[in-house]
Amino acid sequence: LSRSRSVPFIIPPTLHGRDWTNLMNEEQVQEDGDPYMIPQSGPRSSFHSLAGAYVVGTINPELYKFPEDKSETDFPEGNIGRLWFSIEYEQESERLLVSLIKVRKLQAPADSCSPFVKIYLLPDERSYLQSKTKRKTLNPQFDENFVFQVSSKMLLQRTLKFLVYHVDKQKKHHLLGQVIFPLKNETLTDDNKLVIWRDLEKENLEPPSDYGDIQFSLSYNDYLGRLTVVVLRARGLKLQEESHAVSVYVKVSLMNHNKLIKSKKTAAVLGSPNPVYNETFSFKADQTELDTTSLSLSVLQSIKGEQTHLLGRVVVGPFMYTRGKELEHWNEMISRPKELVKRWHALCHST
(Lines give C-alpha, C1' and ligand atoms only; values in the text may rest on other atoms or scores of the structure.)
Protein backbone atom coordinates (compact mmCIF):
# COMPACT_ATOMS: atom_id res chain seq x y z
CA LEU A 1 0.00 0.00 0.00
CA SER A 2 1.27 3.47 -0.78
CA ARG A 3 2.18 5.75 2.15
CA SER A 4 -0.49 8.25 1.17
CA ARG A 5 -3.26 5.77 2.06
CA SER A 6 -1.95 5.43 5.64
CA VAL A 7 -3.51 7.34 8.51
CA PRO A 8 -0.97 9.04 10.82
CA PHE A 9 -1.11 7.87 14.44
CA ILE A 10 -0.22 10.90 16.56
CA ILE A 11 0.39 11.71 20.18
CA PRO A 12 -1.36 14.88 21.39
CA PRO A 13 0.94 17.54 22.89
CA THR A 14 -0.56 17.09 26.35
CA LEU A 15 0.83 13.58 26.50
CA HIS A 16 4.40 14.49 25.43
CA GLY A 17 7.15 13.55 27.79
CA ARG A 18 5.39 10.46 29.11
CA ASP A 19 7.37 7.31 29.54
CA TRP A 20 5.82 5.25 26.73
CA THR A 21 7.76 2.08 27.57
CA ASN A 22 5.43 1.47 30.52
CA LEU A 23 2.60 0.86 28.11
CA MET A 24 4.18 -2.41 27.16
CA ASN A 25 3.39 -3.61 30.68
CA GLU A 26 -0.29 -2.87 30.11
CA GLU A 27 -0.25 0.12 32.46
CA GLN A 28 -2.80 2.85 32.00
CA VAL A 29 -1.51 6.11 30.59
CA GLN A 30 -3.34 8.08 33.25
CA GLU A 31 -3.26 6.30 36.54
CA ASP A 32 -5.45 8.48 38.65
CA GLY A 33 -9.05 9.44 37.98
CA ASP A 34 -11.09 8.59 34.95
CA PRO A 35 -8.84 7.28 32.17
CA TYR A 36 -10.95 9.23 29.67
CA MET A 37 -10.64 12.59 31.47
CA ILE A 38 -8.92 15.37 29.55
CA PRO A 39 -5.61 16.27 31.20
CA GLN A 40 -5.79 19.55 33.09
CA SER A 41 -2.39 20.76 31.92
CA GLY A 42 -3.63 22.29 28.69
CA PRO A 43 -6.81 23.74 27.24
CA ARG A 44 -9.24 21.27 25.66
CA SER A 45 -8.46 22.64 22.24
CA SER A 46 -5.00 21.08 22.41
CA PHE A 47 -6.70 17.80 21.55
CA HIS A 48 -8.33 19.32 18.50
CA SER A 49 -5.44 21.35 17.16
CA LEU A 50 -2.48 19.26 16.15
CA ALA A 51 0.08 21.97 16.94
CA GLY A 52 3.03 20.44 18.73
CA ALA A 53 1.85 16.88 18.09
CA TYR A 54 4.23 14.40 16.59
CA VAL A 55 3.68 11.28 14.50
CA VAL A 56 4.72 7.93 16.05
CA GLY A 57 3.64 5.76 13.12
CA THR A 58 0.82 5.14 10.70
CA ILE A 59 -2.26 2.93 10.73
CA ASN A 60 -3.26 0.95 7.67
CA PRO A 61 -7.06 1.35 7.33
CA GLU A 62 -7.30 -1.78 5.14
CA LEU A 63 -6.59 -3.91 8.21
CA TYR A 64 -9.68 -2.63 10.01
CA LYS A 65 -12.32 -3.43 7.43
CA PHE A 66 -14.90 -6.00 8.47
CA PRO A 67 -15.24 -8.92 6.06
CA GLU A 68 -18.33 -8.51 3.91
CA ASP A 69 -21.21 -10.80 4.87
CA LYS A 70 -21.67 -12.95 1.77
CA SER A 71 -24.95 -14.41 3.07
CA GLU A 72 -26.62 -11.06 2.34
CA THR A 73 -25.37 -10.78 -1.25
CA ASP A 74 -24.69 -14.21 -2.79
CA PHE A 75 -27.98 -15.80 -3.79
CA PRO A 76 -27.85 -18.86 -6.05
CA GLU A 77 -29.89 -18.97 -9.26
CA GLY A 78 -33.47 -20.10 -8.69
CA ASN A 79 -33.31 -19.07 -5.02
CA ILE A 80 -36.79 -18.70 -3.45
CA GLY A 81 -35.67 -16.95 -0.26
CA ARG A 82 -33.24 -17.26 2.65
CA LEU A 83 -34.03 -17.57 6.35
CA TRP A 84 -31.87 -16.59 9.34
CA PHE A 85 -32.41 -17.96 12.86
CA SER A 86 -30.45 -18.67 16.02
CA ILE A 87 -30.61 -21.58 18.46
CA GLU A 88 -29.45 -22.03 22.02
CA TYR A 89 -30.13 -24.79 24.57
CA GLU A 90 -30.54 -24.23 28.31
CA GLN A 91 -29.41 -27.45 29.98
CA GLU A 92 -30.91 -26.76 33.39
CA SER A 93 -34.42 -25.81 32.28
CA GLU A 94 -34.24 -28.15 29.23
CA ARG A 95 -35.44 -25.38 26.95
CA LEU A 96 -34.52 -24.93 23.30
CA LEU A 97 -34.51 -21.21 22.49
CA VAL A 98 -35.13 -20.41 18.84
CA SER A 99 -34.91 -16.83 17.55
CA LEU A 100 -36.46 -16.19 14.17
CA ILE A 101 -34.37 -13.32 12.81
CA LYS A 102 -35.38 -12.53 9.22
CA VAL A 103 -36.16 -13.77 5.73
CA ARG A 104 -34.74 -12.17 2.57
CA LYS A 105 -35.57 -12.28 -1.16
CA LEU A 106 -38.92 -14.07 -0.95
CA GLN A 107 -40.56 -14.92 -4.26
CA ALA A 108 -44.12 -13.65 -3.90
CA PRO A 109 -47.03 -15.43 -5.58
CA ALA A 110 -48.84 -12.09 -6.06
CA ASP A 111 -48.09 -8.36 -6.27
CA SER A 112 -47.71 -7.96 -2.55
CA CYS A 113 -46.52 -10.41 0.06
CA SER A 114 -47.49 -10.64 3.73
CA PRO A 115 -45.31 -13.41 5.18
CA PHE A 116 -45.33 -15.32 8.48
CA VAL A 117 -43.47 -18.40 9.71
CA LYS A 118 -44.60 -21.58 11.49
CA ILE A 119 -41.93 -23.40 13.51
CA TYR A 120 -42.17 -27.12 14.30
CA LEU A 121 -39.93 -29.38 16.37
CA LEU A 122 -40.20 -32.70 14.51
CA PRO A 123 -41.22 -35.50 14.83
CA ASP A 124 -44.15 -33.62 16.43
CA GLU A 125 -46.14 -32.54 13.35
CA ARG A 126 -49.25 -31.52 15.29
CA SER A 127 -48.07 -28.53 17.31
CA TYR A 128 -46.15 -25.47 16.16
CA LEU A 129 -45.27 -21.91 17.17
CA GLN A 130 -46.10 -19.05 14.85
CA SER A 131 -44.55 -15.64 14.14
CA LYS A 132 -46.41 -12.39 13.60
CA THR A 133 -47.41 -11.58 10.01
CA LYS A 134 -45.34 -8.86 8.34
CA ARG A 135 -47.29 -6.66 5.92
CA LYS A 136 -46.30 -6.11 2.29
CA THR A 137 -42.65 -7.11 2.29
CA LEU A 138 -40.42 -9.64 0.55
CA ASN A 139 -37.71 -9.08 3.19
CA PRO A 140 -39.47 -9.48 6.55
CA GLN A 141 -37.52 -8.71 9.75
CA PHE A 142 -39.02 -10.81 12.58
CA ASP A 143 -36.65 -10.75 15.61
CA GLU A 144 -39.01 -13.01 17.57
CA ASN A 145 -38.10 -15.59 20.22
CA PHE A 146 -39.68 -19.03 20.66
CA VAL A 147 -39.19 -21.71 23.31
CA PHE A 148 -39.54 -25.49 22.94
CA GLN A 149 -39.43 -27.76 25.98
CA VAL A 150 -37.25 -30.77 25.11
CA SER A 151 -35.13 -33.09 27.24
CA SER A 152 -31.38 -33.18 26.60
CA LYS A 153 -31.69 -36.91 25.97
CA MET A 154 -34.08 -36.37 23.05
CA LEU A 155 -32.64 -33.09 21.75
CA LEU A 156 -30.28 -34.50 19.13
CA GLN A 157 -33.03 -36.69 17.65
CA ARG A 158 -35.22 -33.67 16.97
CA THR A 159 -35.40 -31.51 13.83
CA LEU A 160 -36.49 -27.90 13.44
CA LYS A 161 -38.83 -27.17 10.56
CA PHE A 162 -39.65 -23.62 9.43
CA LEU A 163 -42.55 -23.13 7.02
CA VAL A 164 -42.79 -19.68 5.41
CA TYR A 165 -46.31 -18.66 4.31
CA HIS A 166 -47.91 -15.72 2.54
CA VAL A 167 -51.40 -14.56 3.58
CA ASP A 168 -53.52 -13.22 0.73
CA LYS A 169 -56.41 -10.73 0.94
CA GLN A 170 -58.90 -13.58 1.39
CA LYS A 171 -56.86 -14.72 4.44
CA LYS A 172 -55.74 -17.85 2.55
CA HIS A 173 -52.29 -19.23 3.38
CA HIS A 174 -49.82 -20.07 0.58
CA LEU A 175 -46.65 -22.01 1.40
CA LEU A 176 -43.60 -20.20 -0.06
CA GLY A 177 -40.89 -22.58 1.13
CA GLN A 178 -39.40 -24.47 4.05
CA VAL A 179 -36.18 -25.03 5.95
CA ILE A 180 -35.48 -28.40 7.59
CA PHE A 181 -32.69 -28.30 10.19
CA PRO A 182 -31.72 -31.48 12.13
CA LEU A 183 -30.22 -30.69 15.54
CA LYS A 184 -28.10 -33.85 15.71
CA ASN A 185 -24.99 -32.27 14.18
CA GLU A 186 -24.98 -29.22 16.44
CA THR A 187 -23.09 -28.63 19.67
CA LEU A 188 -25.74 -26.89 21.73
CA THR A 189 -24.59 -25.57 25.09
CA ASP A 190 -25.80 -22.92 27.51
CA ASP A 191 -23.52 -20.12 26.42
CA ASN A 192 -23.37 -21.09 22.77
CA LYS A 193 -25.85 -19.18 20.61
CA LEU A 194 -25.56 -20.34 17.00
CA VAL A 195 -26.73 -17.98 14.26
CA ILE A 196 -27.59 -19.96 11.13
CA TRP A 197 -28.97 -19.20 7.68
CA ARG A 198 -30.48 -21.60 5.18
CA ASP A 199 -32.04 -21.24 1.74
CA LEU A 200 -35.73 -22.06 1.48
CA GLU A 201 -36.66 -25.25 -0.32
CA LYS A 202 -39.90 -25.98 -2.10
CA GLU A 203 -42.07 -28.32 -0.08
CA ASN A 204 -42.87 -31.52 -1.94
CA LEU A 205 -46.57 -30.79 -2.39
CA GLU A 206 -47.58 -34.01 -4.15
CA PRO A 207 -49.10 -36.55 -1.75
CA PRO A 208 -46.64 -39.29 -0.71
CA SER A 209 -46.64 -42.44 -2.84
CA ASP A 210 -48.09 -45.71 -1.48
CA TYR A 211 -45.03 -46.75 0.52
CA GLY A 212 -43.62 -43.26 1.04
CA ASP A 213 -40.76 -41.38 -0.60
CA ILE A 214 -37.07 -40.90 -0.02
CA GLN A 215 -34.93 -37.87 -0.89
CA PHE A 216 -31.22 -38.22 -1.55
CA SER A 217 -28.37 -36.58 -3.48
CA LEU A 218 -25.92 -38.33 -5.79
CA SER A 219 -22.49 -37.18 -6.88
CA TYR A 220 -19.76 -38.89 -8.88
CA ASN A 221 -16.15 -37.75 -8.85
CA ASP A 222 -14.62 -39.26 -12.00
CA TYR A 223 -11.11 -38.16 -10.99
CA LEU A 224 -11.22 -40.01 -7.65
CA GLY A 225 -13.56 -42.80 -8.84
CA ARG A 226 -15.82 -41.99 -5.89
CA LEU A 227 -19.61 -42.27 -5.74
CA THR A 228 -21.22 -40.18 -2.97
CA VAL A 229 -24.76 -40.58 -1.64
CA VAL A 230 -26.33 -38.08 0.80
CA VAL A 231 -29.42 -39.64 2.41
CA LEU A 232 -31.53 -36.58 3.25
CA ARG A 233 -34.98 -37.65 4.46
CA ALA A 234 -38.01 -39.82 3.91
CA ARG A 235 -41.71 -39.01 4.17
CA GLY A 236 -45.07 -40.74 4.34
CA LEU A 237 -43.59 -44.04 5.57
CA LYS A 238 -46.12 -46.69 6.54
CA LEU A 239 -44.80 -47.71 9.96
CA GLN A 240 -46.20 -50.92 11.37
CA GLU A 241 -46.96 -49.11 14.60
CA GLU A 242 -46.56 -45.45 15.56
CA SER A 243 -44.48 -45.48 18.71
CA HIS A 244 -41.13 -44.32 19.99
CA ALA A 245 -40.00 -47.97 20.11
CA VAL A 246 -39.99 -48.10 16.31
CA SER A 247 -36.72 -47.03 14.75
CA VAL A 248 -36.28 -46.35 11.05
CA TYR A 249 -32.98 -46.37 9.19
CA VAL A 250 -31.77 -46.45 5.58
CA LYS A 251 -29.39 -49.06 4.21
CA VAL A 252 -27.40 -47.98 1.14
CA SER A 253 -25.91 -50.86 -0.89
CA LEU A 254 -23.48 -50.64 -3.78
CA MET A 255 -24.11 -53.43 -6.30
CA ASN A 256 -22.17 -54.61 -9.34
CA HIS A 257 -23.84 -57.12 -11.72
CA ASN A 258 -26.45 -57.56 -8.94
CA LYS A 259 -23.69 -58.70 -6.57
CA LEU A 260 -23.42 -56.83 -3.27
CA ILE A 261 -20.11 -54.93 -3.03
CA LYS A 262 -20.66 -52.88 0.15
CA SER A 263 -23.49 -51.73 2.45
CA LYS A 264 -23.67 -48.76 4.80
CA LYS A 265 -26.43 -47.69 7.22
CA THR A 266 -27.70 -44.39 8.57
CA ALA A 267 -28.36 -43.88 12.27
CA ALA A 268 -31.89 -44.91 13.30
CA VAL A 269 -34.56 -42.26 13.84
CA LEU A 270 -37.23 -43.07 16.42
CA GLY A 271 -40.96 -43.16 15.80
CA SER A 272 -41.33 -40.83 12.80
CA PRO A 273 -43.00 -41.51 9.44
CA ASN A 274 -40.99 -38.50 8.15
CA PRO A 275 -37.42 -39.12 9.38
CA VAL A 276 -34.57 -36.68 8.60
CA TYR A 277 -31.05 -38.13 8.18
CA ASN A 278 -28.62 -35.81 6.34
CA GLU A 279 -25.93 -38.50 6.26
CA THR A 280 -23.22 -38.84 3.63
CA PHE A 281 -21.72 -42.11 2.36
CA SER A 282 -18.94 -42.60 -0.18
CA PHE A 283 -18.15 -45.71 -2.21
CA LYS A 284 -15.23 -46.58 -4.49
CA ALA A 285 -16.62 -47.07 -8.01
CA ASP A 286 -14.25 -47.16 -10.94
CA GLN A 287 -15.40 -45.31 -14.04
CA THR A 288 -14.96 -48.43 -16.18
CA GLU A 289 -17.52 -50.26 -13.99
CA LEU A 290 -20.22 -47.59 -13.85
CA ASP A 291 -22.31 -49.28 -16.57
CA THR A 292 -22.76 -52.36 -14.38
CA THR A 293 -22.98 -50.54 -11.01
CA SER A 294 -26.21 -49.67 -9.21
CA LEU A 295 -27.26 -48.34 -5.80
CA SER A 296 -30.05 -49.80 -3.72
CA LEU A 297 -31.55 -47.70 -0.88
CA SER A 298 -33.77 -49.68 1.51
CA VAL A 299 -35.82 -48.07 4.27
CA LEU A 300 -36.07 -50.49 7.20
CA GLN A 301 -37.84 -50.38 10.52
CA SER A 302 -36.98 -52.35 13.61
CA ILE A 303 -39.02 -52.76 16.77
CA LYS A 304 -37.26 -53.87 19.93
CA GLY A 305 -37.08 -57.64 20.13
CA GLU A 306 -38.64 -58.16 16.71
CA GLN A 307 -37.12 -58.72 13.31
CA THR A 308 -36.41 -55.93 10.84
CA HIS A 309 -39.16 -55.09 8.38
CA LEU A 310 -38.65 -53.55 4.90
CA LEU A 311 -40.79 -50.43 4.39
CA GLY A 312 -39.67 -49.79 0.82
CA ARG A 313 -36.75 -49.65 -1.55
CA VAL A 314 -35.49 -47.72 -4.57
CA VAL A 315 -32.72 -48.65 -7.02
CA VAL A 316 -30.86 -46.04 -9.07
CA GLY A 317 -28.39 -46.97 -11.76
CA PRO A 318 -27.73 -47.21 -15.51
CA PHE A 319 -30.09 -48.44 -18.23
CA MET A 320 -29.22 -52.07 -17.50
CA TYR A 321 -31.16 -51.89 -14.19
CA THR A 322 -33.46 -48.87 -14.12
CA ARG A 323 -35.91 -46.69 -16.04
CA GLY A 324 -37.82 -43.45 -15.44
CA LYS A 325 -36.84 -41.10 -12.63
CA GLU A 326 -34.25 -43.48 -11.21
CA LEU A 327 -32.39 -43.66 -14.53
CA GLU A 328 -32.72 -39.86 -15.01
CA HIS A 329 -31.17 -39.20 -11.59
CA TRP A 330 -28.24 -41.51 -12.37
CA ASN A 331 -27.64 -39.96 -15.79
CA GLU A 332 -27.82 -36.45 -14.38
CA MET A 333 -25.20 -37.41 -11.79
CA ILE A 334 -22.88 -38.68 -14.56
CA SER A 335 -23.39 -35.57 -16.70
CA ARG A 336 -22.66 -33.18 -13.80
CA PRO A 337 -19.48 -34.59 -12.23
CA LYS A 338 -18.61 -33.49 -8.68
CA GLU A 339 -22.01 -31.77 -8.27
CA LEU A 340 -24.60 -33.01 -5.78
CA VAL A 341 -27.82 -33.82 -7.65
CA LYS A 342 -30.84 -33.99 -5.33
CA ARG A 343 -34.11 -35.82 -6.08
CA TRP A 344 -37.16 -37.40 -4.43
CA HIS A 345 -38.01 -41.02 -5.32
CA ALA A 346 -41.06 -43.16 -4.62
CA LEU A 347 -40.34 -46.28 -2.57
CA CYS A 348 -41.42 -49.63 -4.03
CA HIS A 349 -42.08 -52.88 -2.25
CA SER A 350 -40.97 -55.25 -4.97
CA THR A 351 -37.41 -56.46 -4.51
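Residues numbered from 1 in each chain as written. Predicted model: local features only at pLDDT ≥ 70, side-chain atom pairs only at ≥ 80, totals over all residues. Heavy atoms only, no water.

Describing the overall build of the protein
Part 1 of the argument: The helix and strand tally for the protein stands at three helices and 19 strands.
Part 2 of the argument: The buried share of the protein, reckoned over its 351 residues, is 42%.
Part 3 of the argument: Residue pairs at least 24 apart in sequence account for 65% of intrachain contacts in the protein once pairs closer than 6 positions are excluded.
Part 4 of the argument: Accessible surface, the protein as shown: approximately 20700 Å² in total, 51% of it carbon and sulfur. (Helix = DSSP H or I, 4+ residues; strand = E, 2+ residues; numbered from the N terminus. Buried < 20%, exposed > 50% of the residue type's maximum accessible area, 1.4 Å probe, protein only. Contact = heavy atoms within 4.5 Å. Areas by Shrake-Rupley, 256 points an atom, 1.4 Å probe, with all protein chains shown as cover.)

Quick look at the confidence of the model for the protein
Part 1 of the argument: Looking at the protein, the pLDDT average stands at 80 and 74% of residues meet or exceed 70.
Part 2 of the argument: Within the protein, no element has a lower average pLDDT than helix α1 (residues 45-48), which sits at 43, and none a higher one than strand β14 (residues 259-265), at 96.
Part 3 of the argument: In the model, residues 21-50 has pLDDT below 50 throughout and makes 21 contacts with residues more than four positions away in sequence or in other chains. (pLDDT = per-residue confidence, 0-100.)

Side note on the packing of aromatic side chains
Part 1 of the argument: For the structure shown, the criterion picks out four aromatic pairs.
Part 2 of the argument: Pairing F85 with F162 gives two aromatic rings, centres 4.6 Å apart and planes at 40°, and the pair type is tilted. Of this pair, F85 sits in strand β3 (residues 82-90) while F162 sits in strand β8 (residues 159-167), placing them 77 residues apart in sequence.
Part 3 of the argument: F162 gets classed as buried once you look at its relative accessible area, which sits at 0%.
Part 4 of the argument: Judged by centre distance (5.2 Å) and plane angle (45°), the rings of Y120 and Y128 are tilted.
Part 5 of the argument: An aromatic cluster is built from F85, F162 and F181, whose rings are joined through pairwise contacts.
Part 6 of the argument: The side chain of K102 reaches across the aromatic face of W84, ending 4.5 Å from its centre. (Phe/Tyr/Trp six-rings, centres within 6.5 Å; stacked < 30°, edge-to-face > 60°. Lys NZ or Arg CZ within 6 Å of the ring centre and 35° of its normal.)

With respect to the sheet that holds strand β5 (residues 115-122)
Part 1 of the argument: Strands sit in the order β6-β5-β8-β9 across an open sheet of four strands; the sheet is antiparallel. If you trace the sheet from one side to the other, it starts and ends with β6 (129-130) and β9 (173-182), each paired once.
Part 2 of the argument: Of the pairings in the sheet, the one linking β5 to β8 comprises eight bridges and is antiparallel in character. Paired with I119 across the bridge in β8 is F162. (Pairing = 2+ DSSP bridges.)

Here's the deal with the sheet that holds strand β10 (residues 194-199)
Part 1 of the argument: The antiparallel open sheet is built from four strands, whose spatial order is β7-β4-β3-β10. With one partner strand each, in any of the chains shown, β7 (141-149) and β10 form the two edges of the open sheet. Neighbour to neighbour, the strand axes of the sheet diverge by 25° on average, direction disregarded.
Part 2 of the argument: When strand β4 (residues 95-104) meets β7, the two strands line up antiparallel, connected through seven bridges. Of the residues in β7, the one forming a bridge with L96 is F148. (Axes fitted to C-alpha atoms, helices over the stretch in contact; angles between N-to-C directions.)

Side note on the side chain of T228
Part 1 of the argument: Mapped onto the fold, T228 is located in strand β12 (residues 226-235).
Part 2 of the argument: Among the polar contacts listed, one links the side chain of T228 to the side chain of S282, at a separation of 3.2 Å.
Part 3 of the argument: If we ignore the near neighbours within four places in the chain, the residues touching T228 are S217, L218, S219, T280, F281 and S282. (Polar contact = N/O pair within 3.5 Å; in protein donor to acceptor, adjacent residues only side chain to side chain.)

A few points about a positive patch on the surface
Part 1 of the argument: On the surface, R135, K136, K169 and K171 cluster together to form a positively charged patch.
Part 2 of the argument: Note on placement: K171 falls in the loop between β8 and β9.
Part 3 of the argument: A residue is classified by how much of its surface remains accessible, and K171, at 66% relative accessible area, is exposed. (Patch = residues over 30% accessible without salt bridge, like charges linked within 9 Å, V, L, I, M, F, W, Y side chains within 5 Å. Salt bridge = Lys/Arg side-chain N within 4 Å of Asp/Glu carboxyl O. Lys, Arg positive; Asp, Glu negative; His and termini not counted. Charge placed at Lys NZ, Arg CZ, Asp CG, Glu CD.)

Some thoughts on the nonpolar core
Part 1 of the argument: Membership of the largest hydrophobic core comes to 31 residues, with the highest contact counts inside it found for I214, V229, V231, V252, L295 and L297.
Part 2 of the argument: Breaking this core down by element, the ones donating at least two residues are β11 (213-221), β12, β13 (246-256), β16 (276-284), β17 (293-303), β18 (309-316) and α3 (324-335).
Part 3 of the argument: If you tally residues by element for this core, the top one is β13, at five residues.
Part 4 of the argument: Excluding anything up to four places from it in sequence, V252 contacts V229, V231, K262, S263, K264, F281, F283, L295, S296 and L297.
Part 5 of the argument: Residues L83, I87, V98 and F148 belong to the second largest nonpolar core, which totals 29 residues. (Core = buried A, V, L, I, M, F, W, Y, C linked by side-chain atoms within 4.5 Å.)

A closer look at unusual backbone geometry
Part 1 of the argument: A positive phi angle, near 50°, is found at H257, a position not held by glycine.
Part 2 of the argument: Mapped onto the elements, H257 comes out in the loop between β13 and β14.
Part 3 of the argument: The exposed category is assigned to H257, whose relative accessible area is 54%.
Part 4 of the argument: Although it is not a glycine, K338 sits at a positive phi angle of roughly 70°.

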